[in-house]
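# Examining the three-dimensional arrangement
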2 protein chains.
Amino acid sequence: MTEEPPFVLESPSPEEVLRKVAPYLHGTPRYPVVIAGMCTARYEGRASSKAGPAVRIAICKPDGTFILHNAMEKREPTNWNPAPSVQRLRTDGGNLVLVSKRLDVPETVIVTFEDVHAAMVLPRSVGDSRASNAPSAFTISRTHEEMVRYILENPSRIDPSLLPPEGPPERHTEVECGAGIADVVLRDEKGRLVVIEVKRARADINAAAQLKRYVDAFREERGESVRGILVAPDVTKGCEKYLRKHGLEWRRLRPEDVERAEEGPTLDDFLG
Amino acid sequence: MTEEPPFVLESPSPEEVLRKVAPYLHGTPRYPVVIAGMCTARYEGRASSKAGPAVRIAICKPDGTFILHNAMEKREPTNWNPAPSVQRLRTDGGNLVLVSKRLDVPETVIVTFEDVHAAMVLPRSVGDSRASNAPSAFTISRTHEEMVRYILENPSRIDPSLLPPEGPPERHTEVECGAGIADVVLRDEKGRLVVIEVKRARADINAAAQLKRYVDAFREERGESVRGILVAPDVTKGCEKYLRKHGLEWRRLRPEDVERAEEGPTLDDFLG
DNA sequence: CAATGTGTAAAGCTC
DNA sequence: GAGCTTTGCACATTG
């Protein structure tokens, strides 16, 4: 290997890419590889697709991930192979050909470059692991999980009738029933079971139907009267109609409300 | 502008990127831009995230799409902004900073490069339009739509009791009801209405619940007995249980079965 | 614009 | 591994 990553080849010949890039793509360990150029692509697997000539960007990641992006548009790749997959480079009729194969299921992408504008090998670094001690810590907030926690800690802010969890809060979240796992299960001041389904985005009819399945399951299994509450920033019209029809309720909660509430001590903390 | 796309800058200074790349990023028309290097990233919008230092690949597409990929792993980007969005480059404390903002909703990604391994501007080409006369035609097969068409053309292969569509097949597909739009609605030899829900992947309990909502709606609206059939390559255990509990049926059909059947004239075509 | 459903969905988590 | 849910889901289509 003449060059050490990172390096870039500008308008390389297929042979040059093969000679200088392939060792880093196939070796152990693998290095991130990016190839940009005019190409066509074929995919065979669960479905099947053909993409005509366009400028695209191929990315091969060391975990095996392969993605091929159209250079002009779309957040979604034209073709891809999630890890675990392997990529191979070869030349064919004067063209550079990249073949990617998934190792777990039969899916293949074949990219034929008529012209390579650039090929590069990048240095290895860390992934986006969410382990907080990782150098590349990735943290995200305003999630579904944070909304659930907020509800457990402030049930009365969702509905005044809701009682705080009895015993450990974990026993009130992700509660299994015959229809699946309910986000939150509490009791109200009348002693009724209250099943709560949480959505971080506007809730649609599927969310309401999911809640109903849980409510039905709890009624059947526990033989008591059960309330169902959908907690979401908003609901669609069809969702609201379904809720009303089946005697279910909904309360508004935005992901950003949660963060604001958690940011600092509330006035209540000082007033006791 | 000293250079014409495509061109590549290897280990450029932030100022060089600004001078040579920014005009193509901000100009009219815009060109595809790729920047790879060690960076951190922050996102604020529907949610909020922070990503520590790692080698990443930023792609700015002329339609406004922005994606930031970790170079080591994952099919999904670390951060992104779908179109319509705009990106701006600037320098800050000796670092190159890329700011991407969505134009329709308040969402921002800020990428700070500690080190730029490569920056490139690619030529403009065509998108992946599915218009068949486009130079970059994108065609895909084994889709949900093809499965629906197969069922309309070969109803008895799904279930021997199913009758062919009466009149134009369009009247039997995407049939509206109060609960939504049913994929296929046919009649069986006993004159019963049959609502068919089609899934191209293994069907789960949500698919079964969706079918039940349609069946209930048709019963209510038409006041007749209605069958419900889920057509899928496979169903989960929970799905099967739900179907059985609610008197619904399922039949196996794989996306690849459809293609095979359509590929050429069947023996039946010759036998009359 | 909202609403609905599909996707080669991917990814994460639990059992 | 199957099964289920979430995703900053994206995306297309239709009203």
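In what follows, the structure referred to is the one given above.
None of the values given here were measured: they were computed from a predicted structure. (Residues numbered from 1 in each chain as written. Chains lettered and ligands numbered in written order. Predicted model: local features only at pLDDT ≥ 70, side-chain atom pairs only at ≥ 80, totals over all residues. Heavy atoms only, no water.)

## Quick look at the protein's contact with DNA strand C
Around DNA strand C, the structure places 25 residues, and the nearest of them are R46 and R202 of chain A together with K199, R200 and Y214 of chain B. Within the contact set of DNA strand C, a phosphate oxygen lies 3.1 Å away from a side-chain nitrogen or oxygen of W80 of chain A. Elements supplying a minimum of two residues to the surface near DNA strand C: β5 (79–81), α5 (205–222) and α6 (237–245) of chain A together with α5 (205–222) of chain B. Taken together, the residues of the surface near DNA strand C sort by class into 8 nonpolar, 7 polar and 10 charged. (Near = heavy atom within 4 Å. Polar contact = N/O pair within 3.5 Å; in protein donor to acceptor, adjacent residues only side chain to side chain. Helix = DSSP H or I, 4+ residues; strand = E, 2+ residues; numbered from the N terminus. Nonpolar A, V, L, I, M, F, W, Y, C, P; charged D, E, K, R; others polar.)

## Overview of the protein's contact with DNA strand D
Around DNA strand D, the structure places 27 residues, and the nearest of them are K199 and Y214 of chain A together with W80, R202 and T236 of chain B. Put simply, 77% of the atoms of DNA strand D that lie within 4 Å of the protein are in sugar or phosphate. R200 of chain A places a polar side-chain atom, nitrogen or oxygen, 3.0 Å from a phosphate oxygen of DNA strand D. Side-chain polar atom of R46 of chain B to a phosphate oxygen of DNA strand D: 3.0 Å apart, as the coordinates give it.

## Observations regarding the relation of the copies chain B and chain A
Mapping chain B onto chain A calls for a rotation angle of 180° and an axial translation of 0.0 Å; the resulting RMSD is 0.1 Å. Expressed as a symmetry operation, the mapping of one chain copy onto the other fits a two-fold axis. When the interface residues of chain B are mapped onto chain A, 100% of them are again interface residues, pointing to one common binding face. (Least-squares fit on C-alpha atoms with pLDDT ≥ 70 in both. Contact = heavy atoms within 4.5 Å.)

## A short note on the interface of chain B and chain A
Taken together, the 70 residues of chain B in the interface contact 70 residues of chain A. It is M72, R75 and R213 of chain B in chain B that bury the most area against chain A; as a group they hold 14% of the surface buried on that side. On the surface where chain B and chain A come into contact, there are 8 salt bridges. The partner of E76 of chain B in a salt bridge is R75 of chain A, with the nearest N and O atoms 2.7 Å apart. At the level of elements, β1 (7–10), β2 (33–44), β3 (48–60), β4 (66–70), β8 (108–121), β9 (138–141), α5 and α6 (237–245) of chain B are the ones that each hand at least two residues to the side of chain B that touches chain A. At 11 residues, the largest contribution of residues to the side of chain B that touches chain A is made by β3 of chain B. Two strands pair when backbone bridges link them, and strand β3 (residues 48–60) of chain A and β9 of chain B are joined in this way by 4 bridges, in the antiparallel orientation. Across the sheet, S48 of chain A pairs through a bridge with S141 of chain B, a residue of β9 of chain B. (Buried area = accessible area lost by both parts, 1.4 Å probe. Salt bridge = Lys/Arg side-chain N within 4 Å of Asp/Glu carboxyl O. Pairing = 2+ DSSP bridges.)

## Points about α6 of chain A
Within the sequence span of α6 of chain A, burial applies to C239, Y242 and L243 of chain A. Along the axis of α6 of chain A, the buried positions cluster into a sector of 100°, meaning they face one direction only. α6 of chain A presents K237, K241, R244 and K245 of chain A as exposed residues on the side facing more than 90 degrees away from its buried surface. Buried-residue contacts for α6 of chain A involve α5, β13 (226–232) and β14 (249–252) of chain A together with α5 of chain B. (Buried < 20%, exposed > 50% of the residue type's maximum accessible area, 1.4 Å probe, protein only. Arc of directions from axis to C-beta.)

## Examining the side chain of R102 of chain A
Residues and elements named next belong to chain A. Topologically, R102 is positioned in strand β7 (residues 95–102). Here R102 falls in the buried class, since its relative accessible area comes to 14%. A distance of 3.4 Å separates the side chain of R102 from the side chain of D104, its partner in a polar contact. A polar atom in the side chain of R102 sits 2.8 Å from the side chain of E107.

## With respect to empty space enclosed by the protein
Per the stated rule, a full pass over the model turns up 1 cavity of 30 Å³ or more. Space inside the largest cavity adds up to approximately 30 Å³. Together, H69, R75, E76 and P77 of chain A together with H69, R75, E76 and P77 of chain B line the largest cavity. Grouping the constituent residues of the lining of the largest cavity by class yields 2 nonpolar, 2 polar and 4 charged. (1 Å grid on protein atoms, 1.4 Å probe; cavity = no way out; pocket = protein on both sides within 12 Å on 5 of 7 lines; lining within 4 Å. Points joined across faces, edges and corners; volume = space filled by probe spheres on them.)

## Topic: the packing of aromatic side chains
According to the stated counting rule, one finds 4 aromatic pairs over all chains in the structure shown. Among the aromatic residues, those joined into a cluster by ring pairs are F7, Y24 and Y31 of chain A. Note that R75 of chain A overlies the ring of W80 of chain B, its terminal NZ or CZ placed 4.6 Å from the centroid. (Phe/Tyr/Trp six-rings, centres within 6.5 Å; stacked < 30°, edge-to-face > 60°. Lys NZ or Arg CZ within 6 Å of the ring centre and 35° of its normal.)

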